[in-house]
Amino acid sequence: MDLNLKDKVIIVTGGASGIGESIVRKLADEDAIACIVDRNEEMTLRLSNELKTKNKNTFFVVADLTKNDLCKDAIDKVLNKFGRIDGLVNNAGLNDGVGLENGSADSFIQSLKINVGHYYSMAHFAFNSLCSSKGNIVNICSKVAETGQGNTSGYAAANGIRFELTTAWAHELLSFGIRVNAVIVSECFTPQYKWWISKQANPEEALDAINSKIPFEKRMTTPGEIADTVLFLLSSKSGTVNGELFHVDGGYVHLDRRL
């Protein structure tokens with residue numbers, strides 16, 4: 001299916017690895033212009049150079065998005081290069097384990113900066129260009145905002161804010177023709193998840209136990225499946241879909257786990 005994303009300028013934060021990397025690769029497959037914004041210079045360069053060897057039009061900015069001025073700088077660099085922004089995928093973040101017992105007020109606020117402050121800043125600085133292009137915003141979120149997890153006060157709160165920003169922006173930006181949706185990630189086998197599994201006493205048993213609780217096919221979602229949904233939401237094929245929270249998780253959150 002042609003998603004009509006050819007030559008569309010799409011920014012993906014945290015685009016050098018994991019889910020973000022899958023989104024960037026899928027955008028490149030559609031001949032969109034994937035603009036990677038990531039703090040890891042080595043991984044960003046590796047992905048960008050690989051795509052360029054395949055004659056894909058890509059661009060990158062290395063930036064620490066906890067710094068508001070660097071969020072603005074990233075948007076400005078994309079606009080200086082291409083003159084437009086057609087889509088923004090807010091994806092960067094980290095489940096940093098800031099809990100109530102083992103955290104502090106300062107670490108909690110820092111967790112919000114790492115995990116949601118830049119969602120606002122990137123959208124704010126891209127706003128005028130998105131208005132001009134009638135572009136789209138897709139926010140990547142985690143199910144921990146709904147289910148909890150323990151020892152994740154900062155990350156859970158940040159994702160609750162991501163949920164609410166999605167619906168608030170969808171309402172606020174109606175008159176500008178900008179659609180805003182979210183993809184909610186549950187058990188997705190990213191490199192970070194794989195690393196966490198490897199640290200368990202019995203990694204294979206731990207993985208089997210998690211898979212057994214996922215209703216559909218008893219397996220985790222892949223980063224590519226998340227990316228496919230993101231591309232659909234960025235495209236004109238999603239039509240009037242707006243303000244929606246899509247759980248791409250095999251029914252992990254909402255179906256009875258006895259299934």
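Residues numbered from 1 in each chain as written. Predicted model: local features only at pLDDT ≥ 70, side-chain atom pairs only at ≥ 80, totals over all residues. Heavy atoms only, no water.

Student: In this structure, what is going on with the layout of surface pockets? I would like to understand it.
Tutor: The space that makes up the largest pocket amounts to roughly 1400 Å³. Going through the elements one at a time, helix H1 (18–29), strand S2 (33–38), helix H4 (105–133), strand S5 (136–142), helix H5 (144–147), helix H6 (153–172) and helix H7 (191–198) are the ones with two or more residues in the lining of the largest pocket. It is H7 that provides the largest number of residues to the lining of the largest pocket, a total of five residues. Each residue belonging to the lining of the largest pocket can be placed in one class, and the counts come to 21 nonpolar, 21 polar and six charged. (1 Å grid on protein atoms, 1.4 Å probe; cavity = no way out; pocket = protein on both sides within 12 Å on 5 of 7 lines; lining within 4 Å. Points joined across faces, edges and corners; volume = space filled by probe spheres on them. Helix = DSSP H or I, 4+ residues; strand = E, 2+ residues; numbered from the N terminus. Nonpolar A, V, L, I, M, F, W, Y, C, P; charged D, E, K, R; others polar.)

Student: How do you make sense of the pairing of S2 when you look at a structure like this?
Tutor: On any regular strand, side chains alternate: one points to one face of the sheet, the next to the other face. Burial of S2 is extensive: six of the six residues sit out of reach of the surface. Here S2 shows no split at all, with Ile33, Cys35 and Val37 on one side and Ala34, Ile36 and Asp38 on the other all buried. Here strand S1 (residues 9–13) pairs with S2 via five bridges, running parallel. The partner of Ile10 across the bridge, within S2, is Ala34. In terms of handedness, the path from S1 via H1 over to S2 forms a crossover that is right-handed. Looking at chain direction, S2 and strand S3 (residues 58–62) are connected through five bridges and run parallel. What sits directly across from Ala34, in S3, is Thr58. This β-α-β element, S2 to helix H2 (residues 41–53) to S3, shows right-handed connectivity. (Buried < 20%, exposed > 50% of the residue type's maximum accessible area, 1.4 Å probe, protein only. Pairing = 2+ DSSP bridges. Right-handed = clockwise from strand over helix to strand, strands pointing away.)

Student: So what exactly am I meant to see when it comes to the packing of aromatic side chains here?
Tutor: Any pair of aromatic rings gets described here by the distance separating the centres and the angle formed by the planes. This model, assessed by the stated rule, comprises four aromatic pairs. Ring centres 5.1 Å apart and planes at 80° place the aromatic pair Phe127 and Phe176 in the edge-to-face group. One end of the pair, Phe127, is in helix H4; the other, Phe176, is in the loop between H6 and strand S6 (179–185), with 49 residues separating them in the sequence. With 6.4 Å between their ring centres and 45° between their planes, Phe189 and Tyr193 make a pair best called tilted. The exposure class assigned to Phe189 is partly exposed, which follows from its relative accessible area of 32%. An aromatic cluster is defined as three or more aromatic residues linked by ring pairs; in this entry it consists of Phe189, Tyr193 and Trp196. (Phe/Tyr/Trp six-rings, centres within 6.5 Å; stacked < 30°, edge-to-face > 60°.)

Student: Would you take a moment to explain the sheet that holds S5 for this structure?
Tutor: Whenever strands of a sheet pair, they do so through backbone hydrogen bonds, lying parallel or antiparallel. Taken together, seven strands build an open sheet; the order of strands is S3-S2-S1-S4-S5-S6-S7 and the sheet is parallel. Each having just a single partner strand, S3 and strand S7 (245–247) make up the two edges of the open sheet. Between one strand and the next, the sheet's axes are offset by a mean angle of 20°, whatever the strand orientation. Where S1 lies against strand S4 (residues 87–90), three bridges are found, and the strand directions are parallel. By the bridge assignment, Ile11 is partnered in S4 with Leu88. Against the sheet, helix H3 (residues 68–82) contacts S1, S2 and S3, and its axis sits at roughly 150° relative to S3. Against the sheet, H4 engages S1, S4 and S5, with an angle of about 180° to S4. (Axes fitted to C-alpha atoms, helices over the stretch in contact; angles between N-to-C directions. Contact = heavy atoms within 4.5 Å.)

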